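Structural characterization, general
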Amino acid sequence: IPQKVVMSKFDTDKYIPYEKMSENLKIVRDRLQRPLTLSEKVVYSHLDDPKNQEMERGESYLLLRPDRVAMQDATAQMAMMQFISSGLPKVRVPSTIHCDHLIEAQVGASADLSRAIDTNREVYDFLASAASKYGVGFWKPGGGIIHQIVLENYAFPGLLLTGTDSHTPNGGGLGGVCIGLPWELKCPHVIGVRLTGEMGGWTAAKDVILKVADILTVAGGTGAIIEYHGPGVDSISCTGMATICNMGAEIGATTSIFPFNHRMSRYLRATGREDIAKEAERYPDLLTPDEGCTYDRVVEIDLSTLEPLVNGPYTPDLANPISQLGKNAQENGWPLDIKVALIGSCTNSSYEDMTRAASIAQQALQHGIKTKSAFTVTPGSEQIRATISRDKVDETLEAVGGLVLANACGPCIGQWDRRDVDKGEKNTIVSSYNRNFTGRNDANPATHSFVASPEIVTALALAGDLRFNPLTDSLTGASGEEFRLEPPTGEELPSKGFDAGEECYQEPPAKGSSSSVDVDPNSNRLQLLTPFDKWDGNDIEDAPVLIKVYLKCTTDHISSAGPWLKYRGHLDNISNNMFITAINEENKEMNSVKNQLTGEYGPVPDTARYYKAQGVKWVVVGDSNYGEGSSREHAALEPRHLGGVAIIVRSFARIHETNLKKQGMLPLTFADPADYDKFQPSDRVSLLGLANLSPGQPVRCVLKHSDGSSEEIQLNHTMNETQISWFQAGSALNKMADMFR
Ligand SMILES: O=C(O)C[C@@](O)(C[N+](=O)[O-])C(=O)O
Ligand code: SF4
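Residues numbered from 1 in each chain as written. Chains lettered and ligands numbered in written order. Predicted model: local features only at pLDDT ≥ 70, side-chain atom pairs only at ≥ 80, totals over all residues. Heavy atoms only, no water.

Moving on: the pattern of salt bridges. With the rule as written, the count across this model stands at 44 salt bridges. We note a salt bridge from Asp-30 to Lys-26, for which the minimum N-O separation is 3.2 Å. Residue Asp-30 and its partner Lys-26 are located together in helix α1 (residues 18–32), separated by four residues, close to a single helical turn. Taking the shortest distance from any N to any O, the salt bridge between Lys-41 and Asp-290 comes out at 2.7 Å. Of this pair, Lys-41 sits in helix α2 (residues 38–44) while Asp-290 sits in the loop between α11 (284–287) and β13 (297–302), placing them 249 residues apart in sequence. Bridged by salt links that share partners, the residues Arg-29, Lys-41, Asp-285 and Asp-290 form one connected network. (Salt bridge = Lys/Arg side-chain N within 4 Å of Asp/Glu carboxyl O. Helix = DSSP H or I, 4+ residues; strand = E, 2+ residues; numbered from the N terminus.)

This is the structure we're talking about:
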């Protein structure tokens, strides 16, 4: 009998579940009688009840059993607060917490890390004590970015992982279905991306997802898993596949996945998991798609002709081919001068990324020049930092002008003490990150942020100008000579193996510690949750519109990160950032709305607090793909906490719509998208017939305009029975607590 293979070196009593998955898959195959995509195989082999579960793509809600859970420290605080309030004694599924979001980039890795450990002590102690009490593994600050740590230690082909972060799909690079957030999943559509040709030259894995974003746009992946396949797959490294899956979050995809192949085997072996590689090699049928399986849509990309892209500004799906970037910048008035170039983030901070960037830096050094732009380097994990340090890759990047930051999210999430431009100053930055929303990196709405591959970012940093195309243009060396950069070369995996570096992991005590989890009631960063009020059974009558948001409204608009991250464990304090960067359709301003009770204009949070104090529930009106971006539940918790009852929009991003349901808010969409225009900011909104709220049944909405006229429109929702019971109970947690009582 084949001996069991442990799921990771940290989980000695949890095993790779291929046997059980294969049994479940056989049951599902007998029921479906058709070829299956890889996505379906991995998802359906994790069904709670494979014999009876309904499996209509785009319709059924699947009840799944994830193999593990991963939480990052900015979202884990609320996740653990909710766990504490659930009263459950211990986690049932192997889980880890990763401290990566709260380390502010200022002067460099070690100083920034020790400062962060000091300023965030209360939060780290809370997370560490909650982790040990409830049996959760704890990765200390400096350990690295959650998605790199997961790839290096926990992801495996066929894994089903739930994470409190929208970039959890990074694990698809090792053939896992890794999903940001919800514990139940709407049966996903499957979009196939067929890769042909070969990677080469300046083209990087990042360019594949930048192209897919261009084709599908930020909403194009909603409700779907993106399944990569075709002859081009084998020319992409394992970490390259992870990069592509990671940024599937930016097209709203439920997740993304690649088929198990030799590249994944090589990566598993290089990261001390040879037995998992061998076990996966015994189950090819489980870990690759069937011949003849059908996709809901197929997009084809020829890697041989794929041109490097630079996407932005302000949205990750606005693709500029590197040969058009300069022209587009001049035509659109984007600042040509690149102030800062940043490589790293969970999307592109692998050993291969760092060595490819260093191969560009090396050429500049040979010609005696450095980067014109400020240049920062973020290793993805302590293991990558230690290995690039051993191999002197960091030395090359520093010699050309790079500042090595802590192994953390840093500027990607606005944890950046940026001093080179004034607030409001128009400027351009380029990064190897995944998002470029307004103000995300530095809280400056005038920063034009572009995302590209690390090698393109490094090349642009040398020129310091958006008009530079490294494929055609030359640079000037220290002695005035013109020279062209050779295309980047790198090492997919370190030839001398990885160096694990400092120990950063805290194993939970086997029995769970008796120690209590202390939360100081006077803390301004941590606040225990009190359950939300149950629905009072009545319709909503004459609710004011707190804000009618104009155009894009991401989770960064609803609950900004950056300086606000410090309050992620304190719901009342963080609620002071609610909608402060969203544009009010009435006056096209940020954070200025009319209080419909007093007639005064004021900040959104204060206006909401005023309504709440008067016992007046309110609604928000928004546009398409509302809530795109992060999985941060705060974007749903804050409106709920400040007295919101419904969010009425043209369409939702998946994660956020689910978060709203979980917190007992009503996520409603216009039956007729044009109805967005009928809402006047001074309207009073009534939602009728809520006692008969049921799946598939629209909600009646009456708008009373300030001139005394009124009109009725229809609003749709996607709540199933269970989710409707969450609304009635006041939140999913309330419902769960009712069930366990
Ligand atoms: O909101 C956060 O906690 C940061 C985050 O990592 C979350 N996310 O992507 O789900 C992000 O990149 O926005
Ligand atoms: S996208 Fe940025 S903030 Fe979010 S996990 Fe990745 S590195 Fe961290």
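Extensive coverage of strand β16 (residues 338–343) is indicated by the burial of five of its six residues. Direction of pairing for β16 relative to strand β19 (residues 427–431): parallel, over a ladder of four bridges. Residue pairing for β19: Leu-342 is matched across the bridge by Ser-431. Bridging between β16 and strand β17 (residues 374–377) involves four bridges; their strand directions are parallel. Pairing of Leu-342 across the sheet is with Thr-376, part of β17. Once you follow β16 into helix α13 (residues 351–366) and on to β17, the crossover reads as right-handed. (Buried < 20%, exposed > 50% of the residue type's maximum accessible area, 1.4 Å probe, protein only. Pairing = 2+ DSSP bridges. Right-handed = clockwise from strand over helix to strand, strands pointing away.)

To continue, consider the nonpolar core. In terms of nonpolar packing, the biggest core is built from 154 residues, with Leu-195 and Tyr-228 touching the most fellow members. At eight residues, helix α5 (residues 121–134) tops the list of elements feeding residues into this core. Ignoring any residue separated from it by four or fewer positions in sequence, one finds Tyr-228 in contact with Val-193, Leu-195, Val-208, Ile-209, Val-212, Val-233, Ile-244, Ser-256, Ile-257, Phe-258 and Pro-259. Residues Val-621, Cys-701, Ile-724 and Phe-727 belong to the second largest nonpolar core, which totals 26 residues. (Core = buried A, V, L, I, M, F, W, Y, C linked by side-chain atoms within 4.5 Å. Contact = heavy atoms within 4.5 Å.)

Before going further, it helps to spend a moment on the site of ligand 1. Around ligand 1 lies a shell of 14 residues, among which Asp-165, Ser-166, Arg-440, Ser-631 and Arg-632 are the nearest. Between ligand 1 and Arg-568 there is a distance of 2.7 Å, counted from an oxygen atom to a side-chain nitrogen or oxygen. When ligand 1 is considered free in solution it has 320 Å² of accessible area, and contact with the protein chains removes 97% of it. (Near = heavy atom within 4 Å. Polar contact = N/O pair within 3.5 Å; in protein donor to acceptor, adjacent residues only side chain to side chain. Areas by Shrake-Rupley, 256 points an atom, 1.4 Å probe, with all protein chains shown as cover.)

Before going further, it helps to spend a moment on the site of ligand 2. Contacts to ligand 2 come from His-101, His-147, Asp-165, His-167, Ser-345, Cys-346, Cys-409, Cys-412, Ile-413, Asn-434 and Arg-440. For the shell around ligand 2, the residue count by class is four nonpolar, five polar and two charged. (Nonpolar A, V, L, I, M, F, W, Y, C, P; charged D, E, K, R; others polar.)

Turning our attention to the sheet that holds strand β31 (residues 666–670). Here seven strands make up a closed barrel; going around it, the order is β24-β29-β30-β31-β34-β33-β32 and the pairing mixed. Put simply, the sheet's adjacent strands are angled 40 degrees from each other on average, direction ignored. The pairing of β31 with strand β34 (residues 710–716) spans two bridges and is classified as antiparallel. By the bridge assignment, Thr-669 is partnered in β34 with Asn-716. (Axes fitted to C-alpha atoms, helices over the stretch in contact; angles between N-to-C directions.)

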